[in-house]
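# Coordinate analysis (summary)
Each chain, letter by letter, is given below.
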Amino acid sequence: MSENIVNLDERRSRVPLDAVLQARCIFVPGVPAPQGSKRHVGRGRMIESSTVVGLWRERVALAVHAERWPLLTGPVAVDLSFVMPRPKSTPKRRTPPAIKRPDLDKLERAILDALTGIAFVDDAQVVELSANKRLASPSGQPGVWIAVYDITEEPA
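Scope of this entry: the structure provided in the associated data block. From a predicted model like this one, the values you see are computed outputs, not experimental measurements. (Residues numbered from 1 in each chain as written. Predicted model: local features only at pLDDT ≥ 70, side-chain atom pairs only at ≥ 80, totals over all residues. Heavy atoms only, no water.)

## Some thoughts on the sheet that holds strand β6 (residues 143–150)
- Sheet architecture is open: 4 strands sit in the order β1-β6-β4-β5, paired in mixed fashion. This sheet does not close on itself; its edge strands, each paired only once, are β1 (24–29) and β5 (126–135). Each adjacent strand pair in this sheet contributes to an overall mean axis angle of 10°, direction not counted.
- As defined by bridge partners, strand β4 (residues 76–84) adjoins β6 across 8 bridges and the pair is classed as antiparallel. Bridging from a neighbouring strand, Val78 pairs with Val148 of β6. (Pairing = 2+ DSSP bridges. Helix = DSSP H or I, 4+ residues; strand = E, 2+ residues; numbered from the N terminus. Axes fitted to C-alpha atoms, helices over the stretch in contact; angles between N-to-C directions.)

Below, the structure written as structure tokens:
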């Protein structure tokens with residue numbers, strides 16, 4: 001659980017304590033796929049340029065759906081921590097930063113699209129987003145840690 005992205009001390013300064021304590025967290029194993037660009041193919045039809053992003057979004061959606069998270073309707077904060085596959089050429093004794101493709105913003109978009117309608121009604125509800133990516137440890141598994149916080153403030 002040390003790889004979990006939830007840092008309560010950091011979160012307490014930005015998100016109400018109730019939201020931190022009721023955070024919904026999950027690790028979805030697999031190779032994170034970026035949300036690519038869409039391509040116009042005529043007659044108003046658009047297709048996804050990436051062939052793997054659909055399967056990745058489906059995997060994330062199914063994992064979150066299986067956890068039976070309630071559908072949030074108010075403002076939410078989302079933390080994402082992507083664990084990228086470790087290239088065979090990476091040294092075993094240290095793990096360098098994950099500076100190669102895919103871009104972090106495209107990884108985020110794929111997850112937010114996957115969570116729409118399952119964790120929250122619309123990704124426009126995400127008022128705070130933090131994300132990072134790193135390489136998997138030598139024995140680690142690629143995937144993504146997802147934490148969703150309901151930050152609806154209770155009336156005083």
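That covers the picture; the talk isn't over yet.
## Points about helix α3 (residues 53–66)
- With 14 residues, α3 extends 20 Å between its outermost C-alpha atoms, agreeing within 8% with the 20 Å of an ideal straight helix rising 1.5 Å per residue.
- Inspection of α3 places Val53, Trp56, Val60, Ala61 and Val64 among the buried residues, and these make up the whole buried set. Looking straight down α3, one finds that the buried residues subtend no more than 130° of arc, so they occupy a single side. Across α3 from its buried face, at more than 90 degrees, point the exposed residues Leu55, Leu62, His65 and Ala66. (Expected span 1.5 Å × (residues − 1). Buried < 20%, exposed > 50% of the residue type's maximum accessible area, 1.4 Å probe, protein only. Arc of directions from axis to C-beta.)

## Examining the nonpolar core
- Grouped together as the largest cluster of nonpolar side chains are 28 residues, with contacts concentrated most on Ile111, Leu115, Phe120, Ile146 and Val148.
- Contributing elements (two or more residues each) for this core: β1, α3, β4, α4 (104–115), β5 and β6.
- Sort the elements by how many residues they give to this core and α4 lands first, with 6 residues. (Core = buried A, V, L, I, M, F, W, Y, C linked by side-chain atoms within 4.5 Å.)

## Description of unusual backbone geometry
- Pro102 follows Arg101 through a cis peptide bond whose omega is 10°.
- Position of Pro102 among the secondary structure elements: in the loop between β4 and α4.
- Positioned with a positive phi, Arg68 is a non-glycine residue whose angle comes to about 60°.
- Take Arg68: it is sitting in the loop between α3 and β4.
- Its relative accessible area of 74% is what places Arg68 among the exposed residues.

Spatial relationships are all this shows, so hold off on functional conclusions.
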